[in-house]
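# Descriptive analysis of the structure
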Amino acid sequence: MTTHVQGIAVPRHRAAEPARLRLRRVPVHAVVLALTAVWLVPVAGLVVSSFRPPSAVLRSGWWESFALPGDYTLDNYRDVLGRDGMALSLVNSLAVVVPATVLVVAVSAAAAYGLTCLRFRFRRGVLLAVVGLLVVPMQITLVPLLQAFNALDLTGSFLGIWLVHLGYGVPFGVYLLHSAFAALPRALFEAAEVDGASRSQVFLRIVLPVTRPALASLAVFEFVWTWNDLLTALIFLGGRREVAPVTVAVSRLVASRGDGWEVLTAAAVVSAVVPMVVFAALQKHFVRGLLAGTTKG
Amino acid sequence: MIAERIGLLLGAVAVVLGATYAYLRGGDRLLAALPRRWHRALLPWLFVAPAVGVVALTLAIPAASTIGLSFLDADGREWVGLDNYAGTLSDPVTLTALRNTVLWVVLLPSTAVLVGLTVAVLAERVRYAPVVRAALFLPIAVSAVAAGVVWSFMYDYQPAGAAQTGTLNAVLTVFPGLDPVAWLISGSTGNLALIAATLWTQAGFAMVVFDAALRAVPAELHEAARLDGASEWGTFRYVTLPFLVPTVVVVATTMTIVALKAFDLVYVMTNGNHGTDVLSTVMYRALFTGRDGGIAAAVATVLMLAVVPIMVLNVRQFRRSVGEA
């Protein structure tokens, strides 16, 4: 059957399609456009509202602002960034997220190298245990962890929350990096080892540079997840304003509600900007990392 | 204060990187001084031990002791047997939360698979595919807290007759005879509204995974099916879909975990009021409002039991993929 295919140019470009086929695509366009609209409209509403003065937000829907232009303002952002805590909470988020991400990548990469490229007893057992823990809901660890942290005086400290995120992040890190490391050709290390390189040199000088895309995608995942985390921050950083990351600060604004939509929407936009920039900048790696992790599974 | 935080951040990163390097190089050198057999046996653990230690201390041991705590009283001192379970499972709030969590586990994975797969398949057929993919992808970077604000805004409700500032009710009241709906406050729609908002944040992930899987389907199979006269739907149903079954499992598993863990969005949007509690919010309240570690541990254990089948499935799937590699 397929032998006939050779030499026949299958028309691929749309211009060559008959009108009948183009008409049949109408439902396709309808579904795709409707879904796109449903996904974009909420963001549009958020961003537009964050630039509107409070009186306008209360009086009319955000879409009506297009008909009455000129009432946009930057006051909401000035208000949000100027108020006590919000600017600090942005920096707090960075102070939680950046070290936690570096920790997760370092510990996961070392473990993935050991579990994938080296042979030893219990290797499979450890690997399967780590992957099994991937789906454990973190809620089940909260009570004893909180008790231990209280006893060690770690609650409310950055060190404590770095350790928590490290623990929650490592199973996923090992899982994601495992497939990238497994794809490395063995000859790559063997040549170096013949030349007298130690295992740690092979890992630091060869494996890490070669697997940089996978490490970057893990870093993006961890950055976005820890930046967006609320539950862990609420529990292990406690309610103190000085250490509250941005998710806690925004959720506090939501709870008070006295501030009204214009401040809330501006705060939500502020909280989303950093992960979006990171995400957009490293999106290529992110998708490649996802690919490595899932096409096998 | 801000300068101090930035100093802390940079210092911590420097310490982590320096310590990692020193640990690996120093450990390697130390182990090299041992007899050769010992050296070979211990070296892999140099790399694996930190991860195993951290995971044991923050996940495995706490999870095990939570199960233990669930049989103790509020302060974790006295043995109370199954009292915590009996107490929490006869509490109408927990029962509502249990029912809602089941609803989440059924609806979120199925709708995420549906939307993700639909977009991944259909976007290939339109020229503006990059816009579509970006639109679905965008909310991945939005925190549940910010998504909560976005969707509270979408679901905003004003009594009939008043100007509707919430997007959904504005659309609804365009049609004559339809009244605005108090999406989050009326018990019947609250859960669906929360699940829909979560779907909004998660569908992009499902789309990317399906997109990757679709690229892995051999193109010759499609061509052959078309030449045999299969319709577009037939090609999808009998050629593409069988290839996607493992991916459906991956996406459904991930979304089931998201559904079980659901907390942030509920906490921000309704705080569990109006019959929208899930197990996580019940547990959070038991821990911080009720100050009852025993009840909180019992709720967490119930949640854990729900995950066990997924864990087994996941490990099996992983074992198979490692076996093939």
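Definitions and limits used
Residues numbered from 1 in each chain as written. Chains lettered and ligands numbered in written order. Predicted model: local features only at pLDDT ≥ 70, side-chain atom pairs only at ≥ 80, totals over all residues. Heavy atoms only, no water. UniProt positions renumbered as here; feature names shortened; annotations may be inferred. Helix = DSSP H or I, 4+ residues; strand = E, 2+ residues; numbered from the N terminus. Buried < 20%, exposed > 50% of the residue type's maximum accessible area, 1.4 Å probe, protein only. Contact = heavy atoms within 4.5 Å. Areas by Shrake-Rupley, 256 points an atom, 1.4 Å probe, with all protein chains shown as cover. Domains from an automatic or database assignment. Buried area = accessible area lost by both parts, 1.4 Å probe.

The name given to chain B in an unreviewed UniProt entry is Alpha-glucoside transport system permease protein, and the organism recorded there is Pseudonocardia cypriaca. Regarding chain B, the UniProt comment filed under Sequence similarities (unreviewed entry) reads as follows: "Belongs to the binding-protein-dependent transport system permease family." A UniProt comment under Subcellular location (unreviewed entry) is attached to chain B, and it reads "Cell membrane".

Per an unreviewed UniProt entry, chain A is named Alpha-glucoside transport system permease protein, and its organism is Pseudonocardia cypriaca. The record held by UniProt for chain A lists under Subcellular location (unreviewed entry) the comment "Cell membrane". Under Sequence similarities (unreviewed entry), UniProt gives the following word-for-word description of chain A: "Belongs to the binding-protein-dependent transport system permease family."

In terms of regular secondary structure, chain A is built from 15 helices and 0 strands. Expressed as a percentage of its 297 residues, the buried residues of chain A come to 56%. Sequence-distant contacts in chain A: of pairs separated by 6 or more residues, those separated by 24 or more amount to 72%. Accessible surface computed for chain A: about 12,800 Å², of which carbon and sulfur atoms make up 66%.

Residues and elements named next belong to chain B. As far as domains go, chain B holds domain 1 (1-70) and domain 2 (83-324). Spacing between the C-alpha centres of domain 1 and domain 2 amounts to 35 Å. With 4 residues of domain 1 at the interface, the matching set in domain 2 holds 7 residues. When domain 1 packs against domain 2, close to 410 Å² is buried across both sides, 65% of that on carbon and sulfur atoms. Considering only the side of domain 1, the residues that lose the most area to domain 2 are T66, I67 and S70, jointly responsible for 81% of the buried surface there.

As for its position among the elements, W45 of chain B is in helix α2 (residues 36-69). Counting along the chain gives 112 residues from W45 of chain B to Y157 of chain B, while the straight-line C-alpha distance between them is 58 Å. Beyond its immediate chain neighbours, meaning those up to four positions away, W45 of chain B contacts F120, R121, F122 and V126 of chain A together with Y23, P50 and V52 of chain B.

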